[in-house]
Amino acid sequence: MAEAEGQDAPAWLGGPVDPTLGWCLYPDALELDDEIRLVPGLNVSSSLEVLHAVMESGQPYMLVLGYAGWSAGQLTEESRVGAWIWVEQDTPELLWEVPAAERWSEALRRLGVIPSTIMPGGAQA
């Protein structure tokens, strides 16, 4: 991405819908227009101005390209059949304090699940 030249942080593919749309996730609000505070310690913006300010601030950030979308009731149904595992937490330290390569295993560990015990293919009845 030309606007982020010289940055070593990777861009993450966030979903199959519109991978040309970028979202910047970061912990500390900069009090700029177009910032959205999701929870304490997690802010998001799709503004290029905010992305530049976040990069200049030196704080950690994630640039996520694209997004996922669901039709009405689809996410509820996918959750009902067990397609998603939810890790509820009050703070986003999993994003900022756990290295990316360890996040999936750490999220499962917080649920009491040992990744090596998961069988591929799901349950068969």
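Below you will find a few notes about this structure. Here, residues in each chain are numbered from 1, in the same order as that chain's written sequence. Whole-chain, interface and lining totals are the exception, using all residues; otherwise, since this is a predicted model, local features are given only for residues with pLDDT of at least 70 and side-chain atom pairs are given and counted only at 80 or more. Only hydrogens and water are set aside when side-chain values are computed; all heavy atoms of the structure are taken into account.

Quick look at the pairing of strand 3 (residues 36–39)
Where strand 3 and strand 4 (residues 42–45) come together, three bridges link them in antiparallel fashion. Pairing of Arg37 across the sheet is with Asn43, part of strand 4. Here, any two strands with at least 2 DSSP bridges between them count as paired. Secondary structure is summarised from DSSP: a helix means a run of H or I of at least four residues, a strand means a run of E of at least two, and numbering begins at the N terminus for each. In sequence, strand 3 turns back onto strand 4 through a hairpin of two residues, with Gly41 there showing a positive phi of about 90 degrees.

Comments concerning unusual backbone geometry
Although it is not a glycine, Asp18 sits at a positive phi angle of roughly 45 degrees. Along the chain, Asp18 turns up in strand 2 (residues 17–26). Phi angles above zero are rare outside glycine, and Asp34 is one such case at about 75 degrees. Relative to the elements of secondary structure, Asp34 occurs in the loop between strand 2 and strand 3. When a residue's accessible area, from a 1.4 Å probe over protein chains only, is under 20% of the maximum for its type it is buried; when over 50% it is exposed; and in between it is partly exposed. The exposure class assigned to Asp34 is exposed, which follows from its relative accessible area of 53%.

Here's the deal with the packing of aromatic side chains
Only Phe, Tyr and Trp rings are paired, with Trp represented by its six-membered ring, and only when their centres lie within 6.5 Å; those with planes under 30 degrees apart are stacked, over 60 edge-to-face, the remainder tilted. All told, the structure shown has two aromatic pairs when counted by the stated rule. Here the aromatic rings of Trp70 and Trp84 are separated by 5.9 Å at their centres, their planes lie at 65 degrees, and the arrangement is edge-to-face. Here Trp70, found in the loop between strand 5 (62–67) and helix 2 (74–80), pairs with Trp84, found in the loop between helix 2 and helix 3 (93–97); they are 14 residues apart in sequence, far enough to count as distant. By relative accessible area, which is 38% here, Trp70 ends up partly exposed.

A short note on a nonpolar patch on the surface
By definition, no residue in a patch forms a salt bridge, and every one has over 30% relative accessible area; like charges are joined within 9 Å, nonpolar side chains (Val, Leu, Ile, Met, Phe, Trp, Tyr) within 5 Å. All accessible-area figures derive from a Shrake-Rupley calculation using a 1.4 Å probe, and residue coverage is judged against the displayed protein chains alone. We count a salt bridge whenever a side-chain nitrogen from Lys or Arg sits within 4 Å of a carboxyl oxygen from Asp or Glu. On the surface, Ile36, Leu38 and Val39 cluster together into a nonpolar patch covering about 240 Å² of accessible area. With respect to the secondary-structure elements, Val39 resides in strand 3.

Overview of the nonpolar core
Here, the term nonpolar core denotes a set of buried Ala, Val, Leu, Ile, Met, Phe, Trp, Tyr and Cys residues that are joined through side-chain atoms within 4.5 Å. If you look at the biggest cluster of nonpolar residues, it comprises eight residues: Cys24, Tyr26, Val50, Leu51, Val54, Met55, Tyr61 and Leu63. Listing elements by their share of this core, those giving two or more residues are strand 2 and helix 1 (48–57). Examining the composition of this core, we find that four residues originate from one element, helix 1, more than from any other. Leu25, Val44, Met62 and Val64 belong to the second largest nonpolar core, which has five residues in total.

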